[in-house]
Amino acid sequence: MDVNAAVAALAAIAGVCTGVIAMLAFRWSERDHARPTRSSLHTDAVLPPGVDTVLSVLRSSAVVLDESDSVVKASSAAYALGLVRGGKLAVEPMLNMARDTRRDGEIRQVELDLARRGNGRGEALAVSARVAPLGSRLVLLLVEDLTEARRIEAVRRDFVANVSHELKTPVGALSLLSEAVMDASDDPEAVTRFAGRMQIEATRLTNLVQELIDLSRVQNDDPLDDSEPVSVDELVAEAIDRSRQPASTKQISMVSGGAAGLHVWGSRGQLAAALGNLVENAVNYSPARTRVGIAARRVAAPAGDVIEIAVTDQGIGIPDKDKERVFERFYRVDPARSRATGGTGLGLAIVKHVAASHGGEVTVWSTEGQGSTFTLRLPEAGAVRDRRPASSPTPDLMTEPLHAPEVLP
């Protein structure tokens, strides 16, 4: 009896102990569940109210660091630029700025050149970094990508330098020639010779200024504002007529061919200037008694039919190393020959811009000593009109056909 009572008492005690342990375990589990985890520390809970919303709408890459230099918050742009890796700020100069700002509370800003991620060419990524305190424990880093802005600024500087150089040449020549005319006032033959040279330089200066105006116009004017179906036959005839006199002087025959009755979509003035530049270049860089051909055709493309207008010459050709650069402003394959022909180095740059603004492109095939073919691909008027939604202000981009050979007088 005493033994049974003892066993019952022990069982009761064991039950009570089990219950107490279970209750303590449950309480401990609740406390553990409520305690912030390592990952939960890096959430919006540690940020001052409203900061997360502000950071989400900023264009700049944003990174928030805590007192241990761990990343509390980082935008997707910060990861894309390679600023954050493995939960840490990966750029040492920015990390040092953050530590200094955390210590003294001062706002700091610096411009840095960073290596691009996965780029073996070693091109630098230009950024502007600004660090400021965020509350008592956090530091905010804002990074702005300046790479494109710097590239545009470099293009502007180069353009201004090139324009200055190109204007200086004819202006300086005119100044010297005018002095020579004055000194040779008693020599009619010398005056006539110098006056002829002045006329040539004045023409060069006029052409350069006009092409600068044309380039500025095609860059600033939206071709879709006054776009319309433009007859390819009329564009070809106008381009040939524009170069008829210099072609006749060099006894160069100009031939048009391909498909007739084609139309492209765009600004007539810009398209005429682009094709006119291609034909004029073909004539200028072709030897005497050769031929320049202009042909158009319709080419099938996934987005719709495309118009190709090809201008072929039998000129000096373009070296392989220069083919990718001939469309750059002021770039000349042979500067001496370009000046002799009156070239400014802007004609092909205008062609490229017109083609791109019309949703097309211009390409070149060339072999030294055999000639070159420049092909202009442009939207076809019919295909664009058919595919264009009634409410859309911008037409689709396509290209059109070629016409049958016809020797022009």
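Residues numbered from 1 in each chain as written. Predicted model: local features only at pLDDT ≥ 70, side-chain atom pairs only at ≥ 80, totals over all residues. Heavy atoms only, no water.

What follows covers the overall build of the protein chain. Scanning the protein chain for helices and strands turns up 13 helices and 15 strands. For the protein chain, buried positions account for 38% of its 409 residues. In the protein chain, of all internal contacts separated by at least 6 residues, the share reaching a separation of at least 24 is 64%. Working note: accessible area of the protein chain is about 23100 Å², and carbon and sulfur atoms make up 55% of it. (Helix = DSSP H or I, 4+ residues; strand = E, 2+ residues; numbered from the N terminus. Buried < 20%, exposed > 50% of the residue type's maximum accessible area, 1.4 Å probe, protein only. Contact = heavy atoms within 4.5 Å. Areas by Shrake-Rupley, 256 points an atom, 1.4 Å probe, with all protein chains shown as cover.)

Looking now at helix H10 (residues 268-284). The terminal C-alpha atoms of H10, which comprises 17 residues, lie 24 Å apart, in line with the 24 Å expected from a rise of 1.5 Å per residue. Among all positions of H10, only Gln-270, Leu-271, Ala-272, Ala-274, Leu-275, Gly-276, Asn-277, Leu-278, Val-279, Ala-282, Val-283 and Asn-284 are buried. (Expected span 1.5 Å × (residues − 1).)

Let's shift gears to the pairing of strand E14 (residues 371-379). Burial within E14 is extensive, with 8 of its 9 residues counted as buried. Relative to E14, strand E13 (residues 361-367) runs antiparallel, the two sharing 7 bridges. Looking at E14, one finds that Ser-366 is bridged to Ser-372. (Pairing = 2+ DSSP bridges.)

It is worth spelling out the environment of Ser-60 at this point. Locating Ser-60 in the fold gives a position in the loop between helix H3 (51-57) and strand E1 (61-65). Spatially, the C-alpha atoms of Ser-60 and Glu-144 are 5.0 Å apart, while their sequence positions differ by 84 residues. Those residues in contact with Ser-60 that lie beyond four places of it in its chain are Ser-75, Leu-142, Val-143 and Glu-144. A polar contact of 2.5 Å, which involves the side chain of Ser-60, links it to the side chain of Glu-144. (Polar contact = N/O pair within 3.5 Å; in protein donor to acceptor, adjacent residues only side chain to side chain.)

Here the focus is the packing of helix H8 (residues 232-242) against H10. Between H8 and H10, the least distance of the axes is 9 Å, while the angle of their chain directions is 50°. The angle between H8 and H10 places the two elements in the oblique class. Between H8 and H10 the crossing geometry is right-handed. Seen from H8, the contacting residues are Glu-234, Leu-235, Val-236, Glu-238, Ala-239 and Arg-242; seen from H10, they are Arg-268, Leu-271, Ala-272, Ala-273, Leu-275, Gly-276, Asn-277, Val-279 and Glu-280. Broken down by class, the residue content of the contact of H8 with H10 amounts to 8 nonpolar, 2 polar and 5 charged. (Axes fitted to C-alpha atoms, helices over the stretch in contact; angles between N-to-C directions. Parallel < 35°, antiparallel > 145°, perpendicular 65-115°, else oblique. Left-handed = near helix turned anticlockwise from the far one by under 90°. Nonpolar A, V, L, I, M, F, W, Y, C, P; charged D, E, K, R; others polar.)

A few words on unusual backbone geometry. Phi is positive for Gln-251, which is not a glycine, with a value near 55°. Relative to the assigned elements, Gln-251 resides in the loop between helix H9 (244-249) and strand E9 (253-258). Judged by relative accessible area, which is 52%, Gln-251 ranks as exposed.

Bringing helix H5 (residues 92-104) into the picture now. With 13 residues, H5 extends 19 Å between its outermost C-alpha atoms, agreeing within 8% with the 18 Å of an ideal straight helix rising 1.5 Å per residue. Of the positions making up H5, those classed as buried are Met-94, Leu-95, Met-97, Ala-98 and Thr-101. When H5 is viewed along its axis, its buried side chains cluster within an angular range of 160° and face the same direction. Lining the buried residues of H5 we find E1, strand E4 (88-89), strand E5 (108-115), strand E6 (124-134) and strand E7 (138-145). Phi turns positive, to about 75°, at Gly-105, one or two residues after H5. (Arc of directions from axis to C-beta.)

This part covers the confidence of the model for the protein chain. For the protein chain, the mean per-residue pLDDT works out to 76, and 74% of the residues sit at or above 70. By mean pLDDT, the top-scoring element of the protein chain is strand E12 (residues 306-312) (94), and the lowest-scoring one is strand E15 (residues 406-407) (31). Within the model, the stretch residues 32-45 combines pLDDT values under 50 with 10 contacts to residues more than four positions away or in other chains. Every residue in residues 384-409 is under pLDDT 50, and counting partners more than four places away or in other chains gives 96 contacts. (pLDDT = per-residue confidence, 0-100.)

A few words on the sheet that holds E1. Spatial ordering of the open sheet is given by E2-E1-E7-E6-E5, a layout of 5 strands whose pairing is antiparallel. Only two strands of the sheet have a single neighbouring strand rather than two, namely strand E2 (71-74) and E5. When the angles between neighbouring strand axes are averaged without regard to direction, this sheet yields 25°. Of the strand pairs in this sheet, E1 and E7 are connected by 5 bridges, and their pairing is antiparallel. Looking across to E7, one finds that Val-63 is bridged to Leu-141.

Across soluble globular proteins, you tend to see nonpolar side chains buried next to one another. Ranked by size, the top nonpolar core spans 43 residues in total, and within it Val-232, Val-264, Val-292, Ile-294, Ile-309, Val-311 and Leu-376 carry the most contacts. Listed by contribution, the elements that provide at least two residues to this core are helix H7 (188-220), H8, H10, strand E11 (291-299), E12, helix H12 (347-357) and E14. In terms of nonpolar packing, the next biggest core, distinct from the first, is built from 23 residues, Ala-74, Leu-83, Leu-114 and Val-139 among them. (Core = buried A, V, L, I, M, F, W, Y, C linked by side-chain atoms within 4.5 Å.)

The next point concerns the packing of aromatic side chains. Inspection of every chain in the model, using the stated rule, returns 1 aromatic pair. Pairing Phe-327 with Phe-374 gives two aromatic rings, centres 6.1 Å apart and planes at 85°, and the pair type is edge-to-face. On the criterion of sequence distance, the pair formed by Phe-327 in the loop between E12 and helix H11 (335-341) and Phe-374 in strand E14 is long-range, its members being 47 residues apart. The pair Phe-327 / Phe-374 is uniform in exposure class, with both members buried. Over the ring of Phe-194 we find Arg-193, and its NZ or CZ is 5.1 Å from the ring centre. (Phe/Tyr/Trp six-rings, centres within 6.5 Å; stacked < 30°, edge-to-face > 60°. Lys NZ or Arg CZ within 6 Å of the ring centre and 35° of its normal.)

A few words on the packing of H10 against H12. When two helices pack together, their arrangement is given by the angle between the helix axes and by the axis-to-axis distance. Contact geometry for H10 and H12: axes closest at 9 Å, N-to-C directions at 140°. Classified by the interaxial angle, the pair formed by H10 and H12 is oblique. Considering only the axes of H10 and H12, their crossing is left-handed. Packed against H10, whose contacting residues are Gln-270, Leu-271, Ala-274, Asn-277, Leu-278 and Asn-281, the element H12 presents Gly-347, Leu-348, Ile-350, Val-351, Val-354 and Ser-357 at the interface. Of the residues assigned to the contact of H10 with H12, the class counts are 7 nonpolar, 5 polar and no charged.

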